[in-house]
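Geometric and topological summary
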Amino acid sequence: MSTVLERLDHLPRRNLTVLALKGIGSLVPGGWQNLTSADALIAEVMGTDDPQLISQVRQRADTLSRARHEGYGRALSLYDAVNRSQKAAGGLRVLANIGGALPLVKNLTNLTPTSDSLQAVDLSLKVAAEMLAFTQVNGLPGDSFADFAAALNEYGGEARVRMAALVCFDALLPLGDQALERLDGLLGSVGRGELKQLPAYGAMASLIPGRGDEAHLNFLRQGVSHWLGWAGGFVQGLGLTGQKAVKALESTIGPWQGGFEQLATFLDAFTDTYQHTGVQAVARRLVERAAAEI
Amino acid sequence: MSRILRWGLGLLLAAGLVLGAFLLLPFQSWLPGGTVGGISTGKVVNGTAFNRLFPSPQPGETLVFTQEKRGFSEARLKRASSTKALLAISDTITAPEARSKFSASQEQVKGWPLVEQGPQASALLVEDRFQVKVIAQGVGLDAEQRHELLGDFDLQGLAALNPEHRAGRRAAKALPASRSQPVSLAPQPAPERADDAVSPVMEPAA
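As the structure is a prediction and not an experimental result, all values here were calculated from the model.

Along chain A, the regular secondary structure elements total 15 helices and zero strands. Here the C-alpha radius of gyration of chain A, 19 Å, is about what a compact globule of 294 residues would show, namely 19 Å. Sorting the 294 residues of chain A into buried and exposed places 47% on the buried side. Here the analysis covers contacts within chain A between residues at least 6 apart in sequence; of these, 79% occur between residues at least 24 apart.

Here it is as structure tokens:
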């Protein structure tokens, strides 16, 4: 199994995922840097190019990411699970869209509806994955709840582009500008059947606290309702809307003729934004730790 | 062939296969363990114990804890929204190689050996066990400010966390005289250091 830093080194430098993130990054102050070199990251954290120090930090980071108890690998497998599920669902929907144009297989389109509630569960799984990954990577920092909230806020600030991509691609585009307001209601109507339909759930179920699908659904609802408070302020602060997101994406990907929902489907099927930024976020925290431990 | 011989050969083959699989295939990742450096987590001091030892921030600054694991705790020192430095305490039991750099140390802070790692990072080794580190970020802090920050940690509290220390040897803790001194930044002559501070620290470990 490759370590976190190896995966960082193998991230694509230029593809659709990178372009989509660059587009969304233009909506966020500070923009987005595509970090794909572990050595550059270490040099940035340590403030030096000394090859000996860099190789020491790298060695320590590899040791830490190989130790399963430390959770760095587990965080990455969470991101991978969510990404696989997103691609599978997106691919089905793309097929359905193409199928819809051919008269003979038109009926097939009815088989794979991207119902709003399914999209809502998908989003809630991503939010839950984000929270679980946070605790896997960072533990529970601080001694009090206020400390923990501050740590989450700090993380949110660092992961602004990542969160903007999550909000745009998985909420505003597929569910409309009122997505965050609607989310609670949508999740309320979700049953166990819909949860089971998502492949990511199967991969994540063992990591979600609580026993049984009902308890997991409750965890997802609670997680999302916490996240909504933060995301609402985030969306308002940046003035994010579906229209704005499409414009930002058009600036890097090219003109888009279809609807918002189709764009969301297309991005789901052909980009790995969640995994890409996930590897970068985990790598940064890992390097910060390794630098302190050498 | 007799029945017993057939069974014996079969069992031998099976045992050989299982043994070979464990030796040659990468089964390690399936086995229990997976801790850093193969040291059980019970022996590592938990990061929760480190949190209260961090320096309290100056007015206008905030301290945001970012990571807490077994044997590690890290916080960011922030002024307004920019990060000035990363502050961390780690238990070197999982990283014994980190201790070796202190043997060449020329400087001390509150009696503990100090080393510089590159232009931005300073590290202190407490009780030959815990590493305290300040890594400046951006144009954060110069060396002197970093040393001052290192001195602001509750080093005495940190030294008391050493399990070897707690086990006994409390009477032998003659060292604190040097700890209560103000931050000493000037390099001290090597022989004096050896008599004065370092050897009593080394004693409990030896």
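Before going further, it helps to examine the sheet that holds strand S4 (residues 107-109) of chain B. The pairing of strands in a sheet comes from backbone hydrogen bonds and takes either a parallel or an antiparallel form. Residues and elements named next belong to chain B. As summarised here, the arrangement of the seven strands in space is S1-S2-S3-S7-S6-S5-S4, forming an open sheet in which the pairing is antiparallel. Looking at the sheet topology across the chains shown, the edges are occupied by strand S1 (61-69) and S4. Taken over all neighbouring pairs, the strand axes of this sheet differ in orientation by 25 degrees on average, direction set aside.

All right, on to the confidence of the model for chain B then. Residues and elements named next belong to chain B. Counting all residues, the mean pLDDT for chain B is 77, and 74% of those residues have values of 70 or more. Taken element by element, chain B is modelled with least confidence in helix H8 (residues 190-205), mean pLDDT 40, and with most confidence in strand S7 (residues 130-136), mean pLDDT 92. Here residues 170-206 is modelled with pLDDT under 50, and outside its nearest four sequence neighbours on either side it reaches 43 contacts, counting other chains as well.

Let us now look at the interface of chain B and chain A. Residue-level contacts link 31 residues of chain B with 31 residues of chain A. Within the residue set of the side of chain B that touches chain A, elements represented by two or more residues are S1, strand S2 (72-79), strand S3 (82-91) and S7 of chain B. When residues in the side of chain B that touches chain A are grouped by element, the largest group, six residues, is from S1(B). Here the residues of the side of chain B that touches chain A are counted per class, giving 12 nonpolar, 13 polar and six charged.

Residues and elements named next belong to chain A. For helix H12 (residues 212-238), which comprises 27 residues, the first-to-last C-alpha distance of 38 Å matches the rise-based estimate of 39 Å (1.5 Å per residue) to within 8%. Its buried side turned inward, H12 meets helix H6 (116-138), helix H8 (160-175), helix H9 (179-188) and helix H10 (192-197). Positive phi appears at glycine 239, one or two residues downstream of H12, with a value of about 65 degrees.

Let us look at the pairing of S3(B). Residue and element names in this part refer to chain B. Extensive coverage of S3 is indicated by the burial of eight of its 10 residues. Between S2 and S3, which follow one another and run antiparallel, lie two residues, and alanine 80 among them has a positive phi close to 50 degrees. Where S3 meets S7, seven bridges bridge the pair, whose relative direction is antiparallel. Residue pairing in the sheet places alanine 88 in a bridge with lysine 133 of S7.

This part takes up H9(A). For an α-helix, the turn length of 3.6 residues means that residues three or four places apart are oriented alike. Residues and elements named next belong to chain A. Of the positions making up H9, those classed as buried are Ala179, Leu180, Leu183 and Leu186. Within H9, the buried residues cover an arc of 100 degrees as seen down the axis, which keeps them to one side. Facing away from the buried side of H9 by over 90 degrees, the exposed positions are Glu181, Gly185 and Gly188. Elements that come into contact with the buried residues of H9 comprise H6, H8 and H12.

What follows is about the pairing of strand S6 (residues 121-126) of chain B. Residues and elements named next belong to chain B. Of all six residues in S6, six are buried, a share of seventy percent or more. Burial of the side chains of S6 extends over both faces: Ala121, Ala123 and Leu125 are buried on one face and Ser122, Leu124 and Val126 on the other. Of the pairings in the sheet, the one linking strand S5 (residues 112-117) to S6 comprises four bridges and is antiparallel in character. Considered in S6, the bridge of valine 115 is made with alanine 123. What sits between the antiparallel neighbours S5 and S6 is a turn of three residues, in which glycine 118 has the positive phi angle 75 degrees. Note that S6 and S7 share six bridges and pair antiparallel. Across the sheet, residue serine 122 finds its bridge partner in S7, namely valine 134. Remark: three residues form the turn of the hairpin made by S6 and S7, two consecutive strands paired antiparallel; glutamate 127 in that turn has positive phi of roughly 60 degrees.

Procedures and definitions
- Position labels on residues start from 1 in each chain and follow its written sequence.
- Chains carry letters from A onward and ligands carry numbers from 1 onward, assigned in written order.
- Confidence filtering applies because this is a predicted model: local features only for residues at pLDDT of at least 70, side-chain atom pairs given and counted only at 80 or more, and all residues used for totals across whole chains, interfaces and linings.
- A run of H or I in DSSP counts as a helix once it spans at least four residues, and a run of E counts as a strand once it spans at least two, with each numbered from the N terminus.
- We compute the radius of gyration over the C-alpha atoms and compare it with the globule rule, which gives 2.2 Å times the number of residues raised to the power 0.38.
- The burial criterion counts other C-beta atoms lying within 10 Å of a residue's C-beta, which is placed from the backbone; the residue is buried at 20 or more, exposed at 12 or fewer, and partly exposed between these limits.
- By the convention adopted here, residues make contact when the C-beta atoms placed from their backbones lie within 7 Å.
- We treat two strands as partners when DSSP finds at least two bridges between them.
- All axes are obtained by fitting lines to C-alpha atoms, using only the stretch in contact for helices, and the reported angles, taken between N-to-C directions, cover 0 to 180 degrees.
- In predicted models, pLDDT denotes the confidence assigned by the predictor to each residue on a 0 to 100 scale.
- When residue character is reported, Ala, Val, Leu, Ile, Met, Phe, Trp, Tyr, Cys and Pro are called nonpolar, Asp, Glu, Lys and Arg charged, and the others, Gly included, polar.
- A helix is expected to span 1.5 Å for every residue after the first.
- Summarising the geometry, the arc corresponds to the directions from the helix axis toward the C-beta atoms.

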